[in-house]
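Coordinate analysis (summary)
The lines below spell out each chain.
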Amino acid sequence: MRKLLSLLLCACLLLTVTACSGGGTTESPASGSSHPDTTQQPENEPDESASPSEAEPEQPTDEDEAASDSNILVAYFSLTGEQYEVGVIEKGNTEIVAEMIADATGADTFKIESTEEYPTTYDGLLDISRKEEDDPPEIAGTVDNMDGYDTIFLGYPIWWGDTPTIIKVFLQSYDFSGKTIIPFCTHGGSGLAGTDRTIGELCPDATIGEGLAIRGSTAQNDRDSTQESVAEWLKDNGYI
Ligand SMILES: Cc1cc2nc3c(=O)[nH]c(=O)nc-3n(C[C@H](O)[C@H](O)[C@H](O)COP(=O)(O)O)c2cc1C
């Protein structure tokens, strides 16, 4: 009888151990599945599902700070395609100068672009530029935080002895009071053509800095001499 009782006890114990060891485990993944279970949070990793009040307060990253670091903006309009004296180009003459200025000053950049595409032939541009005077283009996008900039280098090609109409639209789109606007242009022989005065008339409460004019073919084909002219002008005027 005692033997029978011991046997029964052993059998009970065996059953209990088997039941416990099976209850706490998850099923092992089906063989052949190599994906990790992304629904489980690894230990020590922040739980992204936590509500904002439970989560750690967000610290500004280096990237955020860099984005608002510069108080200088280089805003420019420049076209590729067929251009005067340089044939078909892949980077606009004015854009080449704009990038040099931005590199030297650490400025942010904004490319002024129309919501409508421009023609890629010189004749097409001559045609549309005239029409724009009565039917101004719309600018795609806006400058983030214009208030944060106190100096704006403004670049454009000379069109018909003047700034392209889109530059006038840009100047009318923001309040430049108290800011310094420094014009730079590329051209086919006209130089600045008095466009610094035009900008001053459009923004009477801004200070207009000394401008820079570079021939388009020089910007496109002689980068070294362009770079020298840009650096000299920036230094002479205390911009760097
Ligand atoms: C519609 C149009 C009008 C232009 N008018 C003049 C002008 O009056 N005087 C001048 O020197 N160059 C003129 N040009 C030449 C451009 O100013 C020159 O090619 C410039 O470098 C183009 O710059 P981008 O490649 O940045 O657009 C004109 C070009 C175009 C397309």
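Residue numbering note: each chain is counted from 1, following its sequence as written. Whole-chain, interface and lining totals are the exception, using all residues; otherwise, since this is a predicted model, local features are given only for residues with pLDDT of at least 70 and side-chain atom pairs are given and counted only at 80 or more.

Regarding the packing of helix 3 (residues 93-105) against helix 8 (residues 223-236)
Here helix 3 crosses helix 8 at 50 degrees, and the two axes come no closer than 10 Å. It follows that helix 3 is oblique to helix 8 by the angle criterion. For the pair helix 3 and helix 8, the crossing hand works out as right-handed. Counting all contacts with helix 3, which are made through Ile-96, Val-97, Met-100, Ile-101, Ala-104 and Thr-105, the residues of helix 8 involved are Thr-226, Gln-227, Val-230, Ala-231 and Leu-234. Note on definitions: angles span 0 to 180 degrees between N-to-C directions of axes, and those axes are lines fitted to C-alpha atoms, for helices only across the stretch in contact. By the criteria applied, helices consist of DSSP H or I runs no shorter than four residues and strands consist of E runs no shorter than two, each listed in order from the N terminus. In this scheme, roughly parallel covers angles under 35 degrees and roughly antiparallel covers those over 145, while 65 to 115 is roughly perpendicular and the rest are oblique. Note: crossing handedness is left-handed where the near helix turns anticlockwise from the far helix by less than a right angle, and right-handed where it turns clockwise. Note on contacts: residues are paired as contacts if their backbone-placed C-beta atoms lie within 7 Å.

A few points about the nonpolar core
If you look at the biggest cluster of nonpolar residues, it comprises 37 residues, and the most contacted ones within it are Leu-73, Val-74, Ala-75, Val-97, Ile-101, Phe-153 and Leu-154. Of all the secondary structure elements, the ones that give two or more residues to this core are strand 1 (72-76), helix 3, strand 5 (151-157), helix 5 (165-173), strand 6 (180-187), strand 8 (212-215) and helix 8. The residues touching Val-97, leaving out its near neighbours within four places in the chain, are Gly-155, Phe-184, Thr-186, Ile-214, Ala-219, Thr-226 and Val-230. Joined through C-beta atoms within 7 Å, a set of buried Ala, Val, Leu, Ile, Met, Phe, Trp, Tyr and Cys residues constitutes a nonpolar core. Whether a residue is buried, exposed or partly exposed is read from the other C-beta atoms within 10 Å of its own C-beta, which are placed from the backbone; 20 or more gives buried, 12 or fewer gives exposed, and intermediate counts give partly exposed.

Details of helix 3
Taking 1.5 Å of rise per residue, the 13 residues of helix 3 would be expected to cover 18 Å, and the 19 Å separating its terminal C-alpha atoms lies within 8% of that figure. Every buried residue of helix 3 is accounted for by Asn-93, Thr-94, Glu-95, Ile-96, Val-97, Ala-98, Met-100 and Ile-101. Looking one or two residues past helix 3, Gly-106 carries a phi angle of roughly 70 degrees, positive in sign. Under the convention used throughout, the expected extent of a helix is 1.5 Å for every residue step, that is, one less than its residue count.

Here's the deal with the confidence of the model for the protein chain
Confidence scores per residue from the predictor, reported as pLDDT, run from 0 to 100. For the protein chain, per-residue confidence averages 80 on the pLDDT scale, and 72% of positions sit at 70 or higher. Ignoring residues within four places in sequence, the model shows residues 1-66, a span with pLDDT below 50, making 3 contacts including any to other chains.

Remarks on the site of the ligand
Only the C-beta atom matters for this test: placed from the backbone, it must lie within 6 Å of a molecule or strand for the residue to be near it. Contacts to the ligand come from 23 residues, most closely from Ser-78, Thr-94, Pro-157, Gly-188 and Gly-216. For the shell around the ligand, the secondary-structure elements that each account for two or more residues are helix 3, helix 4 (122-132) and strand 6. The element best represented in the shell around the ligand is helix 4, accounting for 4 residues. Gly falls in the polar group here, along with every residue not listed as nonpolar (Ala, Val, Leu, Ile, Met, Phe, Trp, Tyr, Cys, Pro) or charged (Asp, Glu, Lys, Arg). Looking at the shell around the ligand residue by residue, the classes come out as 9 nonpolar, 13 polar and 1 charged.

Observations concerning the pairing of strand 5
Most of strand 5 sits out of view: 6 of its 7 residues are buried. Being paired, for any two strands, means DSSP has found at least two bridges between them. By the bridge criterion, 5 bridges tie strand 1 to strand 5 in an arrangement that is parallel. Note on strand 5: the bridge partner recorded for Ile-72 is Thr-151. By the bridge criterion, 7 bridges tie strand 5 to strand 6 in an arrangement that is parallel. Residue pairing across strands places Thr-151 opposite Thr-180, the latter belonging to strand 6. Seen with its strands pointing away from the viewer, a crossover is right-handed when the path leading from the first strand over the helix to the second is clockwise. In this view, the connection linking strand 5 to its parallel neighbour strand 6 by way of helix 5 has right-handed handedness.

Concerning helix 6 (residues 195-202)
For helix 6, the set of buried residues is Thr-195, Asp-196 and Ile-199. Buried positions in helix 6, seen along its axis, are confined to an arc of 105 degrees and lie on one side of it. Packing partners of the buried residues in helix 6 comprise strand 5, helix 5, strand 6 and strand 7 (207-208). Here the arc refers to the set of directions running from the helix axis out to each C-beta atom.

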